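# Reading the structure
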Amino acid sequence: MDYRIIADSCCDLTPELKADGHFLIVPLTLEIGSSYSVIDDESFDQADFLKRSRESREGAKTACPSPEAYKQAIVDSDADEVYILTISEHLSGSYQAAVVGAQMYEEEFPDSNKKIKVFSSDAATAGELNLCISVQELKEAGKSFDEVVTLIEEKIQTMQILFVLGSLENLRKNGRLSAVKVFMATALNIKPVMVAIHGVIHKLEQQRGVNKAIKRMVQLAIERVGGPENTKDKLLTITHVNCPERAEYVKEELLKLASFRRIVIADTMGVSTIYAEDGGVVIAI
C-alpha cells in the first residue's frame, strides 16, 4: 500500500470507508461522570451511549488518544506515506498527541523512509471526514506527497463547517451554558446555527424550530462558499447523530440551491455524538 490515512475517532467514516484498507482510526475514550468510560471504536453503541447520557446528571466528555497509540498506528501502517488528521487542536489534545506520536516513531525508526504529515483539521466530524476523503481522492489522482500536503492545508483554511445541535443539554451539564439559558432555548424551541472558524466554534444565528434552523444553515453554507457557482466541483459531507432522515432532508435542501461533485453522508461515532447530541447535523463543504 502506498499511502495510509490515520484519523482519530472524530472522523465519522461510512461503512464503505471503514472497510477500505487505506483508513485507520485511532479512538478517543468517552466518559460519562467518573463511573463509565468506553473506547470509541467499532464496539461503540450509539443508542446505549445516548441513553446513558440522558440519564446522567454529569455531562459526557472525551479523553484523547495517547502519543503511543498514534506511534503504533504509524508502525502498523504498511505504507510509504502516512497522513494523520485529527479533530481541531482547539477542541482536543488529539493533535498534540499525534505530533508527539510521529516524533516518537521517527526517533525509534530513524532509518525509516516513511513520509508522515500530521494535520489539525480545524474541524470535527463532517469536516474531518471531508479532509480524509480529499486525501484519498488526491492520492488516487496521482498527486505526490508534497502536493497532497499543500492542497489539504489550503482546504483546511477554506472549508466551511456549519451545524445545528440536537440539544444543549450536554453544554449545560459541562457548565458551558447556564440552566436558565438552556431552559429558555428549549421552551422557545430555539435552535442555534453554529459554524467552525479556524477550529473555534461560533454561533451565527438562531431560529425557532429545527427545520427553520436547517434551512438557514443551508443558505448560510452556500453563501459562505461564494454562491452555487462555486459548489459544482466540491465534496459535500454530512454527518448526523441518529437521524438519517434529517440528514437526507439537509441534502435535499442543499440540492435545491446548488450541485456538488460528490455527496457523502455518515452517522457519527462517539466523539461527534457527544458534541452534536441526538438529532444533530453537521455539514462540510
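For the structure, see preceding data.
Structural notes, computed from the coordinates. (Residues numbered from 1 in each chain as written. Predicted model: local features only at pLDDT ≥ 70, side-chain atom pairs only at ≥ 80, totals over all residues. Heavy atoms only, no water.)

### Considering a negative patch on the surface
On the surface, D2, D78, D80 and E140 cluster together into a negatively charged patch. For D78, the location among the structural elements is in the loop between α3 (67-76) and β6 (81-86). We classify D78 as exposed; its relative accessible area is 60%. (Patch = residues over 30% accessible without salt bridge, like charges linked within 9 Å, V, L, I, M, F, W, Y side chains within 5 Å. Areas by Shrake-Rupley, 256 points an atom, 1.4 Å probe, with all protein chains shown as cover. Salt bridge = Lys/Arg side-chain N within 4 Å of Asp/Glu carboxyl O. Lys, Arg positive; Asp, Glu negative; His and termini not counted. Charge placed at Lys NZ, Arg CZ, Asp CG, Glu CD. Helix = DSSP H or I, 4+ residues; strand = E, 2+ residues; numbered from the N terminus. Buried < 20%, exposed > 50% of the residue type's maximum accessible area, 1.4 Å probe, protein only.)

### Here we look at helix α10 (residues 244-257)
Note on helix geometry: an α-helix contains 3.6 residues per turn, so any two residues three or four positions apart are oriented the same way. Over its 14 residues, α10 extends 21 Å from the first C-alpha to the last, a length consistent with the 20 Å expected when each residue adds 1.5 Å. All of the buried residues in α10 are A247, V250, E253 and L254. Take α10 and look down its axis: the buried residues cluster within an arc of 120°, on one side only. Exposed side chains of α10 directed beyond 90 degrees from the buried face belong to E245 and K256. Looking at the buried residues of α10, the elements they touch are α9 (210-224), β11 (235-240), β12 (262-267) and β13 (281-284). (Expected span 1.5 Å × (residues − 1). Arc of directions from axis to C-beta. Contact = heavy atoms within 4.5 Å.)

### Concerning the pattern of salt bridges
Taken as a whole and judged by the stated rule, the model has 13 salt bridges. Here K51 makes a salt bridge to E55, at a shortest N to O gap of 2.9 Å. Taken together, the positions of K51 and E55, both in helix α2 (residues 46-55) and four residues apart, correspond to about one turn of that helix. Classification of K51 as partly exposed rests on a relative accessible area of 43%. Where E253 meets K256, a salt bridge forms, and the shortest distance between an N and an O atom there is 2.8 Å. Linking E253 with K256, this pair stays in helix α10, spanning three residues, or about one helical turn. Given a relative accessible area of 10%, E253 falls into the buried group.

### Remarks on the environment of Y83
Tracing the backbone shows Y83 in strand β6. Spatially, the C-alpha atom of Y83 lies 8.7 Å from that of C132, the residues being 49 residues apart in sequence. Setting aside chain neighbours within four positions, we find Y83 in contact with Y3, R4, I5, I6, K117, F119, V135, K139, S144, F145, V148 and V149. Here E81 takes part through its side chain, which lies 2.5 Å from a polar atom of the side chain of Y83. (Polar contact = N/O pair within 3.5 Å; in protein donor to acceptor, adjacent residues only side chain to side chain.)

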